[in-house]
Amino acid sequence: MNEIWTERYRPRKLDEVVGQKHVTERLKAYVSAGNMPHLLLSGPAGTGKTTCALAMAREMFGDEWKGNFIELNASDERGIDVVRGKIKEFARTSPLGKAEFKIIFMDEADALTSDAQAALRRTMEKYSKICRFILSCNYSSKIIDPIQSRCAVFRFRPLTSDDVHEYLGKIIKSENVKIDAKALEGLVHVAKGDLRRAVNSLQVAASTGKKIDIDTIYQTTGMAHPEEVMKMLETALSGNFIAARDMLDEIMISYGLSGQDIIKQIHSSFFDMSMPDADKVRFIDRTGEIEFRIVEGSSERIQLEALLAYLVLVGGPKK
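Since we're looking at a predicted model, the values are computed, not measured.

Student: Give me the side chain of K280: which residues, what numbers.
Tutor: As for its position among the elements, K280 is in helix α14 (residues 277–295). Buried and unpaired, K280 has D277 as its nearest opposite-charge partner, separated by 4.5 Å. The contact partners of K280, leaving out residues within four places of it in the chain, are F270, F271, M273 and M275.

Student: Report on the pairing of strand β1 (residues 38–42), specifying residues and quantitative values.
Tutor: Most of β1 is tucked away, with five of its five residues classed as buried. Here β1 shows no split at all, with H38, L40 and S42 on one side and L39 and L41 on the other all buried. The pairing of β1 with strand β5 (residues 151–155) spans five bridges and is parallel. Note that in β5 the partner of H38 across the bridge is C151. Bridge count for β1 against strand β4 (residues 131–137) is four bridges, and the pairing is parallel. The residue bridging L41 from the neighbouring strand is S136, located in β4.

Student: Just give me the short version of the packing of aromatic side chains, but keep the residues and values in it.
Tutor: If you walk through the whole model with that rule in mind, you get six aromatic pairs. Aromatic pair F69 and F105: ring centres 6.3 Å apart, planes at 20°, arrangement stacked. Here the residue F69 occupies a position in strand β2 (residues 69–73), and F105 occupies one in strand β3 (residues 102–107), the gap between them amounting to 36 residues. Overall, the relative accessible area of 0% leaves F105 in the buried class. With 6.3 Å between their ring centres and 90° between their planes, F283 and Y310 make a pair best called edge-to-face. Placement of the pair is F283 in helix α14 and Y310 in helix α15 (residues 300–315), with a sequence separation of 27 residues. Exposure remark for F283: the relative accessible area of 3% places this residue in the buried category. The rings of W65, F69 and F105 are connected pair by pair, giving a single aromatic cluster. Lying across the ring of F101, R132 places its NZ or CZ 4.5 Å from the centre. One Lys or Arg, R286, reaches over the ring of Y310 and ends 4.0 Å from the middle of that ring.

Cut-off values and rules
Residues numbered from 1 in each chain as written. Predicted model: local features only at pLDDT ≥ 70, side-chain atom pairs only at ≥ 80, totals over all residues. Heavy atoms only, no water. Helix = DSSP H or I, 4+ residues; strand = E, 2+ residues; numbered from the N terminus. Buried < 20%, exposed > 50% of the residue type's maximum accessible area, 1.4 Å probe, protein only. Lys, Arg positive; Asp, Glu negative; His and termini not counted. Salt bridge = Lys/Arg side-chain N within 4 Å of Asp/Glu carboxyl O. Contact = heavy atoms within 4.5 Å. Pairing = 2+ DSSP bridges. Phe/Tyr/Trp six-rings, centres within 6.5 Å; stacked < 30°, edge-to-face > 60°. Lys NZ or Arg CZ within 6 Å of the ring centre and 35° of its normal.

Remember, this is a structural readout, not a statement about activity or role.
This is the structure we're talking about:
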């Protein structure tokens, strides 16, 4: 357990990247050609953006890849001084060995300030002969248009349940982890296409040294059991406000959830409930309003109880 599993089992080649074949096939064409444009990798967290950048650098530069590749996290170094200083200094120096260019990989590039992005635009253009940029972001809309127009855009999608299941299966076999089939399915469900989250959650659950069951999964992932959330909502809809409020207390205390955590699960649960679509629309609309109030700083407890009270008023016995 001395090493983080996400790093131990990180793919080293583009062919090993899971669930993004539509991206890796195009990246392999750049590797074969020995050349590439500036790249913009966009998509949800844990879908393989950083892994693809590292694997591409390894395959393109071989043993010299570390000298011709630098990784920066734009969320930590997001100001214009970084672009004018560290990035510009690396970009203007010649590549090592037989490489024709170097790669600057900027993770979480959507955290760059507008001024930093404007400065980066000129740097990308000026040193394009000896330096290529790979920008990674969750939201491409936060990247200014002049940068997007200079890049080939690759959009990553959440991994399918089958992809996550297969990848976790390899780790489970390699690490000799004992886990229930139901717990594995729960882990895949919790990941929601984020493979990094799935692997980290598996390692945390395995650190107990016991056989992993479904309760362990939800306790280690910071999520309540979906059946408990569903039962709380059904209790409120039946008109029993006090019982539903007690269930809310139990869920939040047992799993250590914040108001934003539980409201997200409530939102997901409405889609799984048997009720007319018109009712789902009303409940989700109200849930969105409650979530906004919580984010803006309202009392989590009062807002969540207000949502349960609304369900009681709508679904409870009519007088």
